[in-house]
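Letter by letter, the chains look like this.
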Amino acid sequence: MQTQLADWAQDTDFGREAEEILRRCTHCGFCLSACPTYQILGDELDSPRGRIYQMKQLLEGAEPTYVTQQHLDRCLTCHACETVCPSGVKYGALVDIGRQVIAERVRRPWRERLLRGVLRRLMGSPLFGTLYRVGRWLRPVMPAALRAKITVARDAGPLPQGRERHARQVLMLANCVQPAMMPSIDAATIRVLDAVGVGARYASGSGCCGAINFHLDAQEAARDQMRVNVDAWLPLLESGEVEAVIVNASGCGGMIKDYERHLAHDPAYAERAQRLMPYVKDIAEFLAPMAQAVRAKMRSAPGRSAFHAPCTLQHWQGLRVTTERLLQDLGFDLQDFAESQMCCGSAGTYSITQPELSMSLRDRKLKAIEETMPQTIVSANIGCICHLQGGTDIPICHWIESVDEAMHG
Ligand code: SF4
Ligand code: SF4
């Protein structure tokens with residue numbers, strides 16, 4: 001697509017990046033059928049092609065409006081359109097630029113600013129864990145919509161002692177919302193890794209991957225969080241003290257694997273972020289070469305399961321096949337279901353900022369899954385797990401918890 005950037009966008013890093021992406025789009029429309037918002041709303045302006053066109057107009061100098069902002073807000077950043085695009089259009093990178101450009105020029109209504117500000121501060125607060133526990137305590141008396149956002153507590157179980165004795169050591173994400181919401185996932189990850197001779201620990205000084213800020217109009221604050229993590233992890237990795245950063249929430253994993261892009265224009269961090277990339281591994285990626293050793297430690301096979309591959313796993317990181325193969329190697333009896341490439345509507349804080357679309361996608365996903373009558377639904381991202389659990393009685397957990405259960409009971 002030919003583009004003529006406005007003066008203010010020309011000769012900028014974001015302008016050059018956007019122009020390169022825009023030029024690749026041939027307007028073929030293959031991406032429309034993959035887009036959840038287009039599937040539901042049937043409006044071209046809520047499709048990838050329509051959003052690309054709106055961003056092109058914006059970067060060419062059209063007046064940014066709140067209406068355009070809403071079309072971009074409704075995008076789940078699921079990247080399903082990238083998976084099917086024959087021209088390799090990096091839609092995700094473009095929408096990051098488009099959202100930032102609009103956020104700098106359009107003032108949201110006060111309710112939206114308040115909601116986004118509260119979400120950023122609440123989820124990024126060291127008190128989040130305490131507040132979440134209070135919410136859990138109040139769960140029985142909450143309205144149904146709010147109750148669906150708070151998961152029932154699961155026992156995390158004891159952590160293995162002496163795991164620092166293992167020759168192989170890895171890092172896990174510290175100060176993430178996941179351990180506060182569902183500590184059983186980290187505990188299961190640590191136990192499974194320990195069982196195959198890998199010690200897992202948290203790096204002091206590291207924190208949230210930045211995803212929450214990044215998707216709530218605070219990209220610079222997110223970049224600061226990225227820099228903190230690069231500083232905390234890279235010395236430990238390059239000294240050989242640890243061999244990898246293991247991520248068991250695909251939303252965080254997708255974000256961290258994008259550090260290279262997000263910090264590409266920072267002279268002090270661009271090259272360091274690039275050096276970090278080979279060390280960042282989803283837990284499935286890390287365990288796949290050790291599948292036999294993991295299986296040997298399992299005392300039972302997980303039963304009939306449906307695996308919901310989060311968008312951040314399948315479309316961002318391209319790890320759906322790797323994960324499904326690993327689960328099959330570990331004895332999961334995986335059930336196929338319709339539209340498994342489609343987003344469940346969780347998408348970070350999307351279920352709070354866009355509740356109607358989010359619920360409609362959740363119900364559609366659960367209907368497809370429930371038709372296969374699984375005993376358990378397994379997934380790979382805390383957001384999807386909590387979101388889906390709010391709409392079904394079938395137990396949902398991270399697949400690593402099922403593996404842990406099969407190992408340790
Ligand atoms: S993004 Fe890709 S699939 Fe969609 S219209 Fe452009 S070239 Fe076609
Ligand atoms: S990222 Fe997902 S929701 Fe957004 S345009 Fe692409 S397919 Fe549609």
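About the criteria used
Here the residue numbering is sequential within each chain, running from 1 through the sequence in written order. Each chain is given a letter, starting from A, and each ligand a number, starting from 1, according to the order in which they appear as written. The model is predicted, so local features are restricted to residues of pLDDT at least 70 and side-chain atom pairs to those at 80 or more, both for listing and for counting; the totals for chains, interfaces and linings are taken over all residues. Hydrogen atoms and water are omitted, and side-chain values are computed over all heavy atoms in the structure. Counting from the N terminus, the helices are the DSSP runs of H or I reaching at least four residues and the strands are the DSSP runs of E reaching at least two. Burial classification: accessible surface area is computed with a 1.4 Å probe over protein chains only, and a residue below 20% of its type maximum counts as buried, one above 50% as exposed, and the rest as partly exposed. By the criterion applied in these results, polar contacts are pairs of N or O atoms within 3.5 Å in which, for protein atoms, one can donate a hydrogen and the other can accept it, and in which residues neighboring in sequence qualify only through two side-chain atoms. The criterion for strand pairing is that DSSP finds at least two bridges linking the strands in question. Orientation is described by axes fitted as lines to C-alpha atoms, over the contacting stretch for helices, and by angles from 0 to 180 degrees between their N-to-C directions. By definition, residues are in contact when any of their heavy atoms lie within 4.5 Å. Given a helix with a known number of residues, its expected span is that number minus one, times 1.5 Å. The reported arc concerns the directions from the helix axis to the C-beta atoms and nothing else.

Chemist: Before we go on, may I ask you to explain the environment of glutamine 389 in this structure?
Modeler: When you line up the elements, glutamine 389 lands in helix H23 (residues 382-389). A relative accessible area of 25% means that glutamine 389 is categorised as partly exposed. Each C-alpha atom of the pair glutamine 389 and isoleucine 377 lies 9.2 Å from the other, and the pair is 12 residues apart in sequence. Among the polar contacts made by the side chain of glutamine 389, one reaches the main-chain carbonyl oxygen of threonine 392 at a distance of 3.0 Å.

Chemist: Teacher, can you tell me more about the sheet that holds strand S4 (residues 280-282) here?
Modeler: Working definition: the strands of a sheet are paired by backbone hydrogen bonds and lie parallel or antiparallel to each other. Ordered by their spatial adjacency, four strands build an open sheet running S2-S1-S3-S4, and the pairing between neighbours is parallel. The open sheet terminates on both sides in strands that have one partner only, identified here as strand S2 (198-202) and S4. Pairwise comparison of adjacent strand axes, ignoring direction, gives a mean angle of 40° for this sheet. Relative to strand S3 (residues 244-247), strand S1 (residues 168-172) runs parallel, the two sharing three bridges. Bridge pairing links valine 170 to alanine 244 in S3. Contacts between helix H11 (residues 183-195) and the sheet are confined to S1 and S2, with S2 contributing the most and set at about 150° to the helix.

Chemist: How should I be thinking about the side chain of serine 305 in this particular structure?
Modeler: Positionally, serine 305 belongs in strand S5 (residues 304-307). Exposure remark for serine 305: the relative accessible area of 2% places this residue in the buried category. The residues contacting serine 305, other than those within four sequence positions of it, are Phe332, Asp333, Leu334, Gln335, Pro374, Thr376 and Val378.

Chemist: Please explain unusual backbone geometry as it appears in this structure.
Modeler: Residues apart from glycine generally show negative phi values, whereas peptide bonds are mostly found in trans. Even without being glycine, aspartate 11 reaches a positive phi, approximately 55°. Tracing the backbone shows aspartate 11 in the segment before helix H1 (13-24). For aspartate 11, a relative accessible area of 68% corresponds to the exposed category. At histidine 79, a position not held by glycine, the phi torsion is positive, near 65°. With respect to the secondary-structure elements, histidine 79 resides in the loop between helix H4 (66-73) and helix H5 (80-84).

Chemist: Could you clarify how one ought to interpret the sheet that holds strand S7 (residues 376-379) in this entry?
Modeler: Ordered by their spatial adjacency, four strands build an open sheet running S6-S5-S7-S8, and the pairing between neighbours is parallel. The sheet is open, and its two borders are formed by strand S6 (333-334) and strand S8 (396-398), each paired with just one other strand. The sheet contacts of H23 involve S7 and S8, and relative to S8 the element is tilted by about 175°.

Chemist: What's the story with helix H7 (residues 110-123) in this structure? I'm lost.
Modeler: Because the α-helix completes a turn every 3.6 residues, residues three or four places apart line up on one side. With 14 residues, H7 extends 20 Å from end C-alpha to end C-alpha; this agrees with the ideal 20 Å at 1.5 Å per step. Of the positions making up H7, those classed as buried are Arg116, Gly117, Leu119 and Met123. Considered in projection along H7, the buried side chains sweep an arc of 160° and stay on one side of the axis. Exposed and facing more than 90 degrees away from the buried side of H7 are Trp110, Arg111 and Arg121. Looking at the buried positions of H7, the neighbouring elements they touch are H4, helix H8 (128-138), helix H10 (177-181), helix H12 (211-214) and helix H21 (350-353).

Chemist: Is there a simple way to think about H1 in this case?
Modeler: If you check H1, its first and last C-alpha atoms are 18 Å apart, about what 12 residues at 1.5 Å a residue would give, namely 16 Å. The set of residues buried in H1 consists of Gly15, Ala18, Ile21 and Leu22. Burial along H1 is one-sided: seen end-on, the buried residues are contained in an arc of 135°. Contacts made by the buried residues of H1 are with helix H3 (48-59) and helix H6 (91-105).

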